[in-house]
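Analysis of the macromolecular model
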Amino acid sequence: MLLKKNITTRIILYELITFLLVLLCLWFFDSIDISHRIFGDNSNTASWISNIMETLVYCFLFLFIATITYRFLSHIKHLEGFIYLCSYCKKVKFGDEWISLDDFLRHQTDAKWSHGLCPDCMQKYYGDMLKKHKDKLPAGE
């Protein structure tokens with residue numbers, strides 16, 4: 001489950017690393033004047049001011065793309081968060097089949113869980129027995 005929760009953070013981190021690598025390449029290629037060495041263009045030593053401006057443009061571009069990525073992934077998580085539950089038998093749609101809620105929880109979570117009875121169901125299904133054996137119950141139940 002931990003992997004599913006951190007997927008958005010991991011994707012944005014990968015985007016950040018990629019943008020930083022692109023920036024490093026741009027700064028490196030500008031510093032060695034790669035176009036002059038490969039293509040024989042006129043030597044055009046770029047000023048540091050233009051490099052800084054390009055870097056700022058790329059940083060704003062990264063922020064824009066990271067924001068869009070975060071919003072899309074949040075929307076996908078929201079859509080994946082819907083669980084289709086039968087109103088009558090309480091089975092859950094899992095892929096193309098309907099399985100019991102117990103099986104669904106077993107497949108989809110790492111949580112440890114067990115069955116129990118809520119106070120309403122305890123009264124509804126075992127109310128008569130509780131009244132008969134009230135004196136045998138531990139205190140507080």
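Quick look at the structure, then.

Quick notes on the rules
- Residues numbered from 1 in each chain as written.
- Predicted model: local features only at pLDDT ≥ 70, side-chain atom pairs only at ≥ 80, totals over all residues.
- Heavy atoms only, no water.
- Phe/Tyr/Trp six-rings, centres within 6.5 Å; stacked < 30°, edge-to-face > 60°.
- Helix = DSSP H or I, 4+ residues; strand = E, 2+ residues; numbered from the N terminus.
- Buried < 20%, exposed > 50% of the residue type's maximum accessible area, 1.4 Å probe, protein only.
- 1 Å grid on protein atoms, 1.4 Å probe; cavity = no way out; pocket = protein on both sides within 12 Å on 5 of 7 lines; lining within 4 Å.
- Points joined across faces, edges and corners; volume = space filled by probe spheres on them.
- Nonpolar A, V, L, I, M, F, W, Y, C, P; charged D, E, K, R; others polar.
- Expected span 1.5 Å × (residues − 1).
- Bend = angle between axes of the 7 residues up to and from the residue.
- Patch = residues over 30% accessible without salt bridge, like charges linked within 9 Å, V, L, I, M, F, W, Y side chains within 5 Å.
- Areas by Shrake-Rupley, 256 points an atom, 1.4 Å probe, with all protein chains shown as cover.
- Salt bridge = Lys/Arg side-chain N within 4 Å of Asp/Glu carboxyl O.

The next thing to look at is the packing of aromatic side chains. Taken as a whole and assessed by the stated rule, the structure comprises two aromatic pairs. Consider the rings of F19 and F62, whose centres lie 5.3 Å apart with planes at 65°: the pair is edge-to-face. Of this pair, F19 sits in helix 2 (residues 7–32) while F62 sits in helix 4 (residues 48–80), and the two are 43 residues apart along the sequence. With respect to class, F19 is no different from F62; both count as buried. Summarising the aromatic geometry, the rings of F94 and F104 are spaced 5.9 Å apart at their centres and angled 80° between planes, so their arrangement reads as edge-to-face.

With that out of the way, let us pick up empty space enclosed by the protein. Scanning the entire structure with this criterion turns up one cavity of 30 Å³ or more. Counted as a void, the largest cavity has a volume near 40 Å³. Lining the largest cavity we find L23, L26, W27, D30, N51, E54, T55 and Y58. Where the lining of the largest cavity is concerned, the elements lending two or more residues are helix 2 and helix 4. For the lining of the largest cavity, a count of residues per class yields four nonpolar, two polar and two charged.

Turning our eyes to something else, we now look at unusual backbone geometry. Within the chain, K90 stands out as a residue other than glycine whose phi angle is a positive 65°. Its place among the elements puts K90 in the loop between helix 4 and strand 1 (92–94). Among the residues examined, K90 registers a relative accessible area of 43% and is labelled partly exposed.

This paragraph deals with helix 6 (residues 119–132). In this model helix 6 runs just 17 Å from its N-terminal to its C-terminal C-alpha over 14 residues, more than 12% under the 20 Å that 1.5 Å per residue would give. A bend of about 85° at Y126 is the largest found in helix 6. Of all the 14 residues making up helix 6, one are buried; the element is thus mostly uncovered.

The next thing to look at is the environment of L26. With respect to the helices and strands, L26 occurs in helix 2. With 25 residues separating them along the chain, L26 and N51 place their C-alpha atoms 8.6 Å apart.

As a further point, take a nonpolar patch on the surface. Residues L13, Y14, L16, I17, L20, L21 and L24 make up a contiguous nonpolar surface patch of roughly 660 Å² in combined accessible area. If you trace the backbone, L20 turns up in helix 2.

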